[in-house]
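Summary of the model geometry
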Amino acid sequence: MQRRDFHKGLLALGLGAHAGLAMAGPRKEGNVPVAYHEEAARKLPVREFDSVVAGGGTAGVVAAVAAARQGAKTMLIERKGYTGGTAAEGGTALHSFYNLWKAFPGVKKRQVVRGIPKEIVDRLATVGGTTGYPEMSKHYDYDSVCTAIDVELYKLATFEMLDEAGVFVAVNTLLAGAIMDGHRIKGVITESRSGREAIYAKAFVDCTAYGDLAAFAGADYAEPNDYAVANSVGIANVNVEGYYEFIKKRDALTEYCEGMRSGKPGQIVRLSGSLQKMPPEFAAEARKIGMSMVTTTVHDNYLMFIKLNLKLPSSPTDRDVVAKGELELRRRMHRAVGLFKKYVPGCENAFMARTSPSLCIRRGRQIVCDYDISHEDVIEGRHFDDDVMAYGFHDSAPRFQVKDGGTYGVPYQALRVAKIDNLMAAGMLITSDHRAHMSTRNTVCCMGQGQATGTAAALCAARKCGTRDLPYADLRKALQKGGVYFEA
Ligand SMILES: Cc1cc2nc3c(=O)[nH]c(=O)nc-3n(C[C@H](O)[C@H](O)[C@H](O)COP(=O)(O)OP(=O)(O)OC[C@H]3O[C@@H](n4cnc5c(N)ncnc54)[C@H](O)[C@@H]3O)c2cc1C
């Protein structure tokens, strides 16, 4: 049934025979259980920590560093072999460390996300792994700066920071279950080539993006499937200026930023164009493969990100639907490189230098927390008595912007998983309203949430208290000490 729906969905996107899809042919229904097998109970070795962070991605890295720096014995569980998550796989730039001051003349420019997220960028800057914060000169009513990153150096920098903070980093390790004691998580189950283990801890943070830990723990959640999934491809042996000329010649430039590239200032680091003004065959193929024209780079002869979108017929928690999506996105990445080779001057010998290892999601499960940030909270720039960070970027800008180029606050209560005593969530898995989520899901917001939840987890573990019993004043003091910026 799902397979048929998926096929129909692709056809609706203008795909099918045209796109060379291998959807026809003999059906293999490998996903239907033929019977049920009862697993025997097993004794598992137990390890003990103060705090456990599940998922070593955008938010999780920051959460684990923050917890360890508070003195908590911390374990990070990451299913892949590296850290960094979607920030190192999906996006064009880290949005955004600044308020949207350029779109609002007279408004003060300020860096509103600092602390550990800023440290990551500072560290990348020392090895030529980021543009830093150059100002956008076109489309600055969307973001005032362009913080592009070298994704490979991002993986290294974040792994090193975890190591230096003393985090026990378990990569290539899958979080596979939760051990509950009433409304409290007693421990989690992990699986790796070293075997299946039970990890006990006092406080937990779910940074898996999919909300795997919260789901295992019995938290309430929804699966809205309200975004396309995507892969991004890094295309090498290109001429960045050639791409610029290709767009400029058609008077189609929509985004532009100059900054540090291959160690030289004043180079193109971000650009985008209007598909409507492109040659009709280019535009038609780009639409078929869900290709966005926006790109960023920190290196000469390299386009770090070209995104290919695909709408799945059901939530990306469905393994079999995702498998078909993975194949389709690999085909689309290949076709995107073909487009550059055929149409963009200086890209005739381009090749695929990097791909997302698996498809990237913008939302999997949405976990119910004690407070749900609303779109009004975001665009009205509301702050709360229990703010843990300030944030000013909206991915739908300029249609939706935070009022007057200011910021809103992410409250501590929005990061506490409802009904569970010792679990917090950070990253794309919070916020139910799609329009509000278009702000809270962005990388820099996820990182800030990571610092808040990691710090809170360590404080809760030290006090042996639940997340709701932690005095806000203590959390705020620790966050301020950790370099977090507050508007008031
Ligand atoms: C295509 C695309 C483009 C985007 N573009 C931008 C952009 O340009 N700028 C921007 O700011 N934002 C962008 N975003 C949004 C942003 O990148 C994400 O919302 C953000 O990075 C999510 O961070 P996270 O920590 O929630 O999840 P992730 O960074 O994905 O981290 C989750 C981690 O958990 C691990 N994990 C998951 N399940 C398990 C498990 N069971 N056991 C162990 N580990 C597990 C994963 O391997 C991963 O490392 C984009 C998103 C997508 C998909």
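In this report, we go over the structure that sits alongside the text. Source: prediction; values computed, not measured.

**Describing the overall build of the protein**
- Tallying secondary structure elements over the protein gives 12 helices and 20 strands in all.
- A globule of 488 residues ought to have a C-alpha radius of gyration of about 23 Å, and the protein, at 22 Å, matches this closely.
- For the protein, the spread of C-alpha atoms along the three principal axes comes to 65 × 65 × 40 Å.
- Looking at the protein as a whole, 58% of its 488 residues are labelled buried.
- Within the protein, contacts between residues separated by at least 24 positions form 71% of all contacts whose residues are at least 6 apart in sequence.
- Computed over 62 positive and 54 negative side-chain charges, the inter-centroid distance for the protein is 3 Å.

**Comments concerning the sheet that holds strand 2 (residues 51-54)**
- Sheet architecture is open: five strands sit in the order 5-3-2-9-20, paired in parallel fashion. A single partner strand is all that each edge strand has here, and the edge strands are strand 5 (168-170) and strand 20 (423-425). In this sheet, neighbouring strand axes are inclined to one another by 15 degrees on average, regardless of whether the strands run parallel or antiparallel.
- Relative to strand 3 (residues 74-77), strand 2 runs parallel, the two being bridged by four bridges.

**What about the sheet that holds strand 8 (residues 195-200)?**
- Taken in spatial order, the four strands line up as 1-8-7-6 in an open sheet, and their pairing is mixed. Among the strands making up the open sheet, the edge pair consists of strand 1 (46-48) and strand 6 (174-181). Across this sheet, the average inter-strand angle for adjacent strands is 30 degrees, counted without regard to direction.
- With seven bridges joining them, strand 6 and strand 7 (residues 184-192) adopt antiparallel strand pairing. The partner of I179 across the bridge, within strand 7, is G187.

**Notes on the site of the ligand**
- Near the ligand you find 35 residues, and of these T58, E78, T86, A93 and R441 are the closest.
- At a separation of 2.8 Å, an oxygen atom of the ligand approaches a polar backbone atom of T92.
- Note that a nitrogen atom of the ligand is positioned 3.4 Å from one of the side-chain N or O atoms of N442.
- Calculation on the ligand without its partners gives an accessible area of 1000 Å², and the protein chains cover 97% of this total.
- Elements that contribute at least two residues to the shell around the ligand include exactly helix 2 (58-69), strand 6 and helix 11 (443-463).
- Its residues assigned to classes, the shell around the ligand shows 13 nonpolar, 15 polar and seven charged.

**Here's the deal with the pairing of strand 13 (residues 264-273)**
- Within strand 13, seven of the 10 residues are buried, leaving the element largely enclosed by the surrounding structure.
- Counted along the chain from strand 12 (residues 253-261) to the antiparallel partner strand 13, the turn is two residues long, and its residue S262 has a positive phi close to 50 degrees.
- For strand 13 and strand 14 (residues 295-296), the ladder comprises two bridges, and the chain directions are antiparallel. The residue bridging L271 from the neighbouring strand is T295, located in strand 14.

**Description of the nonpolar core**
- Counting residues in each nonpolar core, the largest one holds 103 residues, and the members touching the most others are V52, L94, Y154, V388 and L423.
- Not counting chain neighbours up to four residues away, the residues in contact with V52 comprise M75, I77, V188, I199, A201, A203, F204 and V205.
- Membership of the second largest hydrophobic core comes to 43 residues, among which are L271, M293, L308 and A350.

**Section: the packing of aromatic side chains**
- Scanning all chains against the criterion turns up 11 aromatic pairs.
- Residues Y244 and Y256 carry aromatic rings whose centres are separated by 5.3 Å and whose planes lie at 45 degrees to one another, so their mutual orientation is tilted. Placement of the pair is Y244 in helix 6 (residues 240-248) and Y256 in strand 12, with a sequence separation of 12 residues. Taken individually, Y244 and Y256 each receive the classification buried, so the pair is uniform in this respect.
- Where Y391 meets Y408, the ring centres are 6.1 Å apart and the plane angle is 90 degrees; that geometry is what we call edge-to-face. Remark: Y408 occurs in strand 19 (residues 408-411) and Y391 occurs in strand 18 (residues 387-391); sequence separation between them is 17 residues. Across this residue pair, the class does not change: Y391 and Y408 are buried.
- Taken together, the ring pairs connect F97, Y98, W101 and Y133 into an aromatic cluster.

**Thoughts on the packing of helix 2 against helix 4 (residues 151-165)**
- Running from N to C, helix 2 and helix 4 cross one another at 20 degrees; their axes reach a closest spacing of 9 Å. For the element pair helix 2 / helix 4, the angle class is roughly parallel. As helix 2 packs across helix 4, the resulting crossing turns out to be left-handed. Contact residues: V61, A64, V65, A68 and R69 in helix 2; T158, M161, L162 and A165 in helix 4.
- Tallied by class, the residues present in the contact of helix 2 with helix 4 amount to seven nonpolar, one polar and one charged.

**Notes on the pattern of salt bridges**
- Considering all chains together, one arrives at 30 salt bridges under this definition.
- In this structure, the salt-bridge partner of E160 is R123, at a minimum N-O distance of 3.1 Å. Taken together, the residues E160 in helix 4 and R123 in helix 3 (residues 115-126) connect sequence positions 37 residues apart.
- E164 is paired through a salt bridge with R123; the nearest N and O atoms lie 2.7 Å apart. Here the residue E164 occupies a position in helix 4, and R123 occupies one in helix 3, the gap between them amounting to 41 residues.
- Since its relative accessible area comes to 23%, R123 is described here as partly exposed.
- The structure contains a network of salt bridges with shared partners spanning E241, R261, K264 and D300.

**Topic: the packing of helix 3 against helix 4**
- Put simply, helix 3 and helix 4 touch, their axes get as near as 10 Å, and they point 120 degrees apart. Here helix 3 lies oblique to helix 4, going by the angle between them. Note on packing geometry: the crossing formed by helix 3 with helix 4 is right-handed. Contact residues: I116, E119, I120, R123 and L124 in helix 3; L153, Y154, A157, T158, E160, M161 and E164 in helix 4.
- Classifying every residue of the contact of helix 3 with helix 4 by side-chain character gives seven nonpolar, one polar and four charged.

Cut-offs and rules
- Residue numbers here run from 1 along each chain, matching the order of that chain's written sequence.
- Where local features are concerned, this predicted model is filtered to residues with pLDDT of at least 70; where side-chain atom pairs are given and counted, the filter is 80 or more; whole-chain, interface and lining totals use all residues.
- Side-chain calculation: all heavy atoms of the structure are included, whereas hydrogens and water are not.
- By the criteria applied, helices consist of DSSP H or I runs no shorter than four residues and strands consist of E runs no shorter than two, each listed in order from the N terminus.
- All radius of gyration figures rest on C-alpha atoms, and the globule criterion is 2.2 Å times the number of residues raised to 0.38.
- Note on exposure labels: buried denotes an accessible area under 20% of the residue type's maximum, exposed denotes more than 50%, and partly exposed covers the range between, all computed with a 1.4 Å probe on protein chains only.
- For this analysis, residues touch if any pair of their heavy atoms sits within 4.5 Å.
- Just so you know, the count uses Lys and Arg for positive and Asp and Glu for negative, and it drops His and the chain ends.
- For charged residues, the charge sits on one atom: NZ in Lys, CZ in Arg, CG in Asp, CD in Glu.
- Whether two strands pair depends on DSSP finding at least two bridges between them.
- Here, axes are lines fitted to C-alpha atoms. For helices the fit covers the stretch in contact, and angles between N-to-C directions go from 0 to 180 degrees.
- One heavy atom within 4 Å of a molecule or strand makes the whole residue count as near it.
- Whenever a nitrogen or oxygen atom comes within 3.5 Å of another N or O atom, the pair is scored as a polar contact, on the condition that within protein one atom can donate a hydrogen and the other can accept it, and that pairs from neighbouring residues in sequence are kept only if both atoms are in side chains.
- Reported accessibility uses the Shrake-Rupley method at a 1.4 Å probe radius. Residues are deemed covered only where the shown protein chains occlude them.
- Lys, Arg, Asp and Glu make up the charged group, whereas Ala, Val, Leu, Ile, Met, Phe, Trp, Tyr, Cys and Pro make up the nonpolar group; the residues left over, Gly among them, are polar.
- Nonpolar cores were defined as sets of buried Ala, Val, Leu, Ile, Met, Phe, Trp, Tyr and Cys residues, with membership established by side-chain atoms within 4.5 Å.
- Stacked, tilted and edge-to-face pairs are distinguished by plane angle, under 30 degrees for stacked and over 60 for edge-to-face with tilted covering the rest, among Phe, Tyr and Trp rings (Trp via its six-membered ring) whose centres lie within 6.5 Å.
- In these notes the angle categories are as follows: under 35 degrees is roughly parallel, over 145 is roughly antiparallel, 65 to 115 is roughly perpendicular, and the rest is oblique.
- By convention the crossing between two helices is left-handed if the near helix lies anticlockwise of the far one by an angle smaller than a right angle, and right-handed if it lies clockwise.
- By definition here, a salt bridge exists when the distance from a side-chain nitrogen of Lys or Arg to a carboxyl oxygen of Asp or Glu is within 4 Å.

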